[in-house]
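# Reading the structure
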Amino acid sequence: MDKRVSILIRMAGAMSVLLSACAAPVAPTAPAAPQAPAATEASAPAATQAPAAPQAPAATPKGGLRKSNSGYKGTLNLWVLGYTPGNQFANPFDLAIAQFEADNPDINVEITGYPPNDEGFTKLTTALQSGQGIDVLRLPSDRLPAFVKDDLIAPIDDYLTDADKADILPNTLEAVRLKDGKAYAWPLWVVPMGIYLNLDVFQEAGVELPSKDWTWEEFVETAKKLTFQRANGEQVYGFSGFIDPGVINTWGLWMNEDPSVRPIVDGKFGFDSDKAAAGLKRFAELALVHKVTPPDFGSQKDADVKGGFKNKQYGMIVDATGFSPQLKADKINFAIYPLPSVNGNRITVGAIGLIAVAATNDKVKEQAAMDLARYLTSAEVQEDVPPSETAATGFYLAPAARKSVKVAPPLDQFLPMLDYMWITPLTPAWPKLTRLIHPEYQNIIFGKVDPAEAMTKIAPEANSLIAGQ
Amino acid sequence: MRRFVQKHGWSYTFILPSLLTFTVFVLAPVVWAFIISFQEYSLVRGGTWVTPIYKNYVTAFTQFGGVFVSAIRNTLIYTLFTVTANILIGLILASLIQPLSNWLRTFFRAAYYLPAVTSALIIGLTWAYIFNAQWGFANYLLRLVGLPPVRWLSDPDIALGSVTLSAVLTVPATAVVLFSAAMGSIPREYYEAAELDGAGPIQRWWHITVPLIKSTTLYLVVIYTIASFEVFERIYVMVPSGVGNSTQTIVTQIYNNGFKDLNFGVASAQAFVLFVMIAAVAALQFRALRSDVEY
């Protein structure tokens with residue numbers, strides 16, 4: 001045989017061995033799942049983003065709120081904020097929908113996830129406006145007013161029972177009464193901001209845990225002690241937080257200056273006051289004077305803030321409830337504290353998570369969609385999806401908006417904050433108002449503008465937005 | 001005319017698919033967007049004419065503290081630096097690889113073309129990592145030489161410069177390849193004659209190469225200008241939350257109005273301001289760089 005041919009054959013043989021070694025191992029054949037009775041068979045909802053969604057176990061009917069009496073037969077499209085097959089939002093919803101389908105064999109629920117960012121909300125809005133593809137949607141409260149203004153959401157009043165009214169926290173139900181005094185969504189949960197403490201960093205720095213009644217001065221002192229350099233040269237910072245036009249995670253840390261510091265006061269822009277300027281200045285000093293924040297504080301990405309906390313690069317961050325199940329699942333050693341008080345003022349900012357039903361002329365379908373929304377905001381859904389390996393806190397990723405729901409740890413650490421939680425204004429102007437405030441807010445933190453001047457400068461336009469001009 | 005149609009008419013069937021695609025997917029949306037720029041448009045209710053008819057154009061410049069003016073200024077600065085740098089870098093790199101052997105020239109052309117086939121998002125993410133103030137590679141290098149860290153993407157005074165630098169330091173792939181091809185097509189006799197007359201390498205480059213690739217230069221200047229005016233992905237990936245208003249560009253404003261606020265009228269008005277700017281700059285460039293030289 002020609003020498004070159006021989007070499008080629010040997011190379012081909014070696015390559016085939018290498019390739020077979022590199023190939024993914026063949027998965028062992030899974031044992032056949034026990035056959036469920038045909039009437040109760042409930043498969044996992046179709047994964048809309050990736051085929052590798054974990055299969056929800058078959059459920060058996062239980063009745064109660066799970067059972068829709070609408071008589072509807074067909075598909076309900078459920079859009080879930082933050083749902084990606086396999087993530088912390090997906091498993092609880094998959095399990096809950098499996099149960100709902102078991103109780104309603106004629107109803108198939110298709111889940112579509114959308115990300116909590118501009119692209120996601122654009123996708124949601126476009127689908128909702130086109131009148132196709134959405135029957136039920138989970139969304140944050142600040143997005144609801146614009147949809148209600150465009151008559152895209154069905155009011156829930158005709159479906160609210162006395163039991164619902166007695167169970168749902170009155171302030172959450174009141175908050176979704178947007179047009180003609182009608183309520184436009186089922187309150188799911190309340191989402192306050194808290195200060196997350198990385199206990200490993202505290203231990204490493206030899207810092208004692210402060211009291212949960214801490215003041216701003218104590219918070220700053222703690223942040224200073226947590227700002228240090230490790231032996232390997234790695235810098236640890238005492239505090240960080242995500243700042244973006246779409247989020248208000250950090251606002252409570254300066255809005256606590258005085259009860260008068262609110263974005264809208266008596267129908268007018270409220271951040272152009274002396275008290276607001278003092279609060280903003282004090283907050284910016286974390287970066288400019290005390291230097292307890294990372295150098296890119298103010299323009300950091302959310303993933304960098306959260307990743308830095310998990311990787312023990314930040315001692316404390318401010319974030320909403322949804323981060324705590326992730327930390328629990330990742331076995332991070334953490335605690336949740338209320339925001340520190342200033343002059344005795346205590347506040348945490350937050351929003352309400354909602355489940356709404358898209359407006360439709362098909363009343364049977366609307367009834368079925370309302371039944372699904374009621375179930376997904378009830379205590380029954382928490383019974384069906386209790387805390388487990390795949391759902392760290394059960395179905396609820398934030399303290400529930402119903403008294404009957406049992407709040408699982410670590411979310412129970414947020415419960416004391418609900419008494420003084422300030423909910424972002426439910427006005428169609430809100431997204432534009434935050435866009436107007438954001439660059440000035442950043443420049444204050446970067447030390448480029450004076451807080452009073454910055455807020456006074458945008459006040460006329462803010463007032464126009466609030467007035468709806 | 002009839003004879004022309006009889007003789008050549010059938011050949012137009014070949015461009016018909018492209019023409020139809022262009023009309024349906026480019027021309028019609030552009031015309032529609034122009035109409036929308038004078039309307040308040042809702043996906044639910046459709047469009048209604050605004051009064052006064054130019055209201056969206058005024059709003060485009062005045063809303064959100066006049067950020068659109070900052071965006072135009074930022075875009076012009078970004079364009080000026082990136083186009084100039086990309087043309088110069090492309091020209092220098094192509095000139096350096098031109099004298100090499102065929103094999104090496106092909107290798108370098110392929111290597112320099114890599115950024116053109118790499119996702120702009122990946123390039124943006126890579127630069128975002130390099131410029132990360134805490135753990136980025138740029139500050140790591142500064143620390144090695146004892147310099148303090150720089151807030152590349154979080155200082156309003158330098159954030160736009162950092163984004164521009166990232167665009168300048170990414171090899172201008174198209175420029176290198178096109179300049180290289182243009183240089184390869186220049187007849188060798190010109191260089192031989194100049195050499196006989198005693199011209200050195202720099203003189204030959206300046207008096208023969210540069211003038212004879214002027215048409216390629218014009219093409220590259222125009223396409224790089226258009227691309228720079230439309231910068232979006234790089235900004236969106238590197239500074240998604242913005243840095244004050246210092247990193248806002250025309251297209252980020254169009255995106256914000258169109259897709260964040262669903263304010264299609266104002267977004268369309270801003271898009272037409274961009275169109276007029278690009279058309280005006282391209283016309284100036286054609287006038288300044290047109291070449292009468294043929295060979």
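Predicted, not measured: the structure shown is a model, and the values here were computed from it.

Each value, and the rule that gives it
- Residues numbered from 1 in each chain as written.
- Chains lettered and ligands numbered in written order.
- Predicted model: local features only at pLDDT ≥ 70, side-chain atom pairs only at ≥ 80, totals over all residues.
- Heavy atoms only, no water.
- Helix = DSSP H or I, 4+ residues; strand = E, 2+ residues; numbered from the N terminus.
- Contact = heavy atoms within 4.5 Å.
- Areas by Shrake-Rupley, 256 points an atom, 1.4 Å probe, with all protein chains shown as cover.
- Lys, Arg positive; Asp, Glu negative; His and termini not counted.
- Charge placed at Lys NZ, Arg CZ, Asp CG, Glu CD.
- Buried area = accessible area lost by both parts, 1.4 Å probe.
- Salt bridge = Lys/Arg side-chain N within 4 Å of Asp/Glu carboxyl O.
- Polar contact = N/O pair within 3.5 Å; in protein donor to acceptor, adjacent residues only side chain to side chain.
- Nonpolar A, V, L, I, M, F, W, Y, C, P; charged D, E, K, R; others polar.
- Axes fitted to C-alpha atoms, helices over the stretch in contact; angles between N-to-C directions.
- Parallel < 35°, antiparallel > 145°, perpendicular 65-115°, else oblique.
- Buried < 20%, exposed > 50% of the residue type's maximum accessible area, 1.4 Å probe, protein only.
- Core = buried A, V, L, I, M, F, W, Y, C linked by side-chain atoms within 4.5 Å.
- Pairing = 2+ DSSP bridges.
- Phe/Tyr/Trp six-rings, centres within 6.5 Å; stacked < 30°, edge-to-face > 60°.
- Expected span 1.5 Å × (residues − 1).
- Bend = angle between axes of the 7 residues up to and from the residue.
- Left-handed = near helix turned anticlockwise from the far one by under 90°.
- 1 Å grid on protein atoms, 1.4 Å probe; cavity = no way out; pocket = protein on both sides within 12 Å on 5 of 7 lines; lining within 4 Å.
- Points joined across faces, edges and corners; volume = space filled by probe spheres on them.

## Digging into the overall build of chain B
- Looking only at helices and strands, chain B features 14 helices and 2 strands.
- Dimensions of chain B, computed from the C-alpha atoms along their principal axes, are close to 80 × 75 × 30 Å.
- Contacts in chain B between residues far apart in sequence, at least 24 positions, make up 67% of those at least 6 positions apart.
- Of the accessible surface of chain B, which amounts to about 16300 Å², a share of 70% is contributed by carbon and sulfur atoms.
- Treating the 17 positive side-chain charges of chain B as one cloud and the 12 negative ones as another, the clouds have centres 7 Å apart.

## Some points on the overall build of chain A
- Secondary structure assignment for chain A yields 16 helices and 14 strands.
- Of the contacts formed within chain A by residues at least 6 apart in sequence, a portion of 74% connects residues at least 24 apart.
- On chain A, roughly 19900 Å² of surface is accessible, and the fraction owed to carbon and sulfur atoms is 54%.

## Focus on the interface of chain A and chain B
- In this assembly, 32 residues from chain A lie in contact with 37 residues from chain B.
- When the two sides are added together, the surface that chain A and chain B hide from each other amounts to roughly 2800 Å², 48% of it contributed by carbon and sulfur.
- Where chain A packs against chain B, one counts 3 salt bridges.
- Salt-bridge contacts for Arg435 of chain A lead to Asp261 of chain B; the nearest nitrogen and oxygen are separated by 2.5 Å.
- The tally of links from chain A across to chain B stands at 15 residue pairs in polar contact (both at pLDDT 80 or more).
- Across the side of chain A that touches chain B, the residue classes tally to 11 nonpolar, 10 polar and 11 charged.

## Some thoughts on the packing of helix α8 (residues 173–184) of chain B against helix α11 (residues 214–229) of chain B
All names here are of chain B.
- Two elements in contact, α8 and α11, have axes separated by 10 Å at closest approach and are oriented at 170 degrees. One finds that α8 runs roughly antiparallel with respect to α11. Two secondary-structure elements touch here, α8 through Ala173, Thr174, Ala175, Leu178, Phe179 and Ala182 and α11 through Thr216, Thr217, Tyr219, Leu220, Ile223 and Tyr224.

## Quick word on the pattern of salt bridges
Residue and element names in this part refer to chain A.
- The full count for this structure, using the stated rule, is 26 salt bridges over all chains.
- For Asp157, the salt bridge goes to Arg177, with nearest N and O atoms at 2.9 Å. With Asp157 in the loop between α4 (144–149) and α5 (162–167) and Arg177 in strand β4 (residues 177–179), this pair connects stretches of sequence that are 20 residues apart.
- Classification of Arg177 as partly exposed rests on a relative accessible area of 27%.
- For Asp164, the salt bridge is made with Arg402, and the minimal N-O distance between the two is 3.1 Å. In this pair, Asp164 is assigned in helix α5 and Arg402 in the loop between α14 (379–384) and β14 (421–423), connecting sequence segments 238 residues apart.
- Judged by relative accessible area, Asp164 falls into the buried class, the value being 3%.

## Quick notes on the nonpolar core
- Counting 129 residues, the largest nonpolar core has Ile195 and Leu376 of chain A as its most contacted members.
- Top contributing element to this core by residue count: strand β6 (residues 186–198) of chain A, with 8 residues.
- Among the nonpolar cores identified, the runner-up in size contains 19 residues, and Phe446 of chain A together with Leu142, Val163 and Val231 of chain B belong to it.

## Regarding unusual backbone geometry
- Note that the residue after Pro409 of chain A, namely Pro410 of chain A, is joined by a cis bond; omega there is 0 degrees.
- Assignment of secondary structure puts Pro410 of chain A in the loop between α14 and β14.
- Each neighbour pair has its own omega, and for Thr51 of chain B with Pro52 of chain B the value is -10 degrees, a cis peptide bond.
- As for its position among the elements, Pro52 of chain B is in the loop between β2 (46–49) and α3 (55–97).
- One non-glycine residue, Asp151 of chain A, adopts positive backbone phi at about 60 degrees.
- Mapping Asp151 of chain A onto the fold places it in the loop between α4 and α5.
- Of note in the backbone geometry, Asp180 of chain A takes a positive phi value of approximately 55 degrees without being a glycine.
- If you trace the backbone, Asp180 of chain A turns up in the loop between β4 and β5 (182–183).
- Under the relative-accessibility criterion, Asp180 of chain A is labelled exposed at 67%.

## A word on the pairing of strand β3 (residues 136–140) of chain A
Residue and element names in this part refer to chain A.
- Burial analysis of β3 places 5 of its 5 residues in the buried class, which makes it a mostly covered element.
- The alternating pattern of β3 places Val136, Arg138 and Pro140 and Leu137 and Leu139 on opposite faces, both of which are buried.
- In the sheet, strand β1 (residues 74–81) pairs with β3 via 2 bridges, with the strands oriented parallel. By the bridge assignment for β3, Leu78 is matched with Val136.
- Strand direction decides the pairing type here: β3 and strand β13 (residues 348–357), joined by 5 bridges, are antiparallel.

## Here we look at the packing of aromatic side chains
Residues and elements named next belong to chain A.
- One pass over the structure, following the stated rule, counts 44 aromatic pairs over all chains.
- When the centroid spacing of 5.4 Å and the interplanar angle of 80 degrees are considered together, the rings of Phe219 and Phe239 count as edge-to-face. One end of the pair, Phe219, is in helix α8 (residues 216–225); the other, Phe239, is in strand β8 (residues 235–241), and 20 residues separate them in sequence. Across the pair, exposure class does not vary: Phe219 and Phe239 are buried alike.
- Geometrically, the ring pair formed by Trp251 and Phe271 is edge-to-face, given 5.5 Å between the ring centres and 70 degrees between the ring planes. Of the two residues, Trp251 sits in the loop between β8 and α9 (252–255) while Phe271 sits in the loop between β10 (268–269) and α10 (274–288), which places them 20 residues apart along the sequence.

## Brief notes about helix α16 (residues 451–467) of chain A
Residue and element names in this part refer to chain A.
- Counted at 1.5 Å a residue, the expected span for α16 with its 17 residues is 24 Å, and the 23 Å between its end C-alpha atoms agrees.
- At Ala459, α16 is deflected by roughly 45 degrees, the largest bend along its length, and proline Pro460 occurs up to four residues later in sequence.
- Of the residues making up α16, those classed as buried are Pro451, Ala454, Met455, Ile458, Ala459, Ala462, Leu465 and Ile466.
- Against the buried residues of α16 lie β9 (264–265), β10, α10 and α15 (430–445).
- Once α16 finishes, Gly468 follows within two positions and takes phi at roughly 80 degrees, a positive value.

## Overview of the packing of helix α2 (residues 90–103) of chain A against helix α13 (residues 363–376) of chain A
Residue and element names in this part refer to chain A.
- For the pair α2 and α13, the least separation of the axes is 11 Å and the interaxial angle reads 130 degrees. Judged by the inter-axis angle, α2 sits oblique to α13. The way α2 lies across α13 gives a crossing that is right-handed. Where α2 abuts α13, its residues Phe93, Ala96, Ile97, Gln99 and Phe100 lie against Ala368, Asp371, Leu372, Tyr375 and Leu376.
- The residue makeup of the contact of α2 with α13, split by class, is 8 nonpolar, 1 polar and 1 charged.

## Details of empty space enclosed by the protein
- Summed over the entire model, instances satisfying the criterion amount to 3 cavities of 30 Å³ or more.
- Taken as a whole, the largest cavity holds about 290 Å³ of empty space.
- Contributing to the lining of the largest cavity are 22 residues, with Pro245 of chain A together with Gln248, Gln253, Asn256 and Lys260 of chain B lying nearest its centre.
- For the lining of the largest cavity, the leading source of residues is helix α13 (residues 250–260) of chain B, giving 5 residues.
- Tallied by class, the residues present in the lining of the largest cavity amount to 10 nonpolar, 10 polar and 2 charged.
- By volume, the second largest cavity is sized at about 60 Å³.
- Asp244, Val247, Trp251, His438 and Tyr441 of chain A are, among the 13 residues lining the second largest cavity, the residues nearest its centre.
- Of the residues that constitute the lining of the second largest cavity, the class distribution is 8 nonpolar, 4 polar and 1 charged.

## Section: the side chain of Gln442 of chain A
- Mapped onto the secondary structure, Gln442 of chain A falls in helix α15.
- Among all residues touching Gln442 of chain A, those that are not within four sequence positions of it are Ile243, Gly298 and Ser299 of chain A together with Ser241, Gly242, Val243 and Gly244 of chain B.

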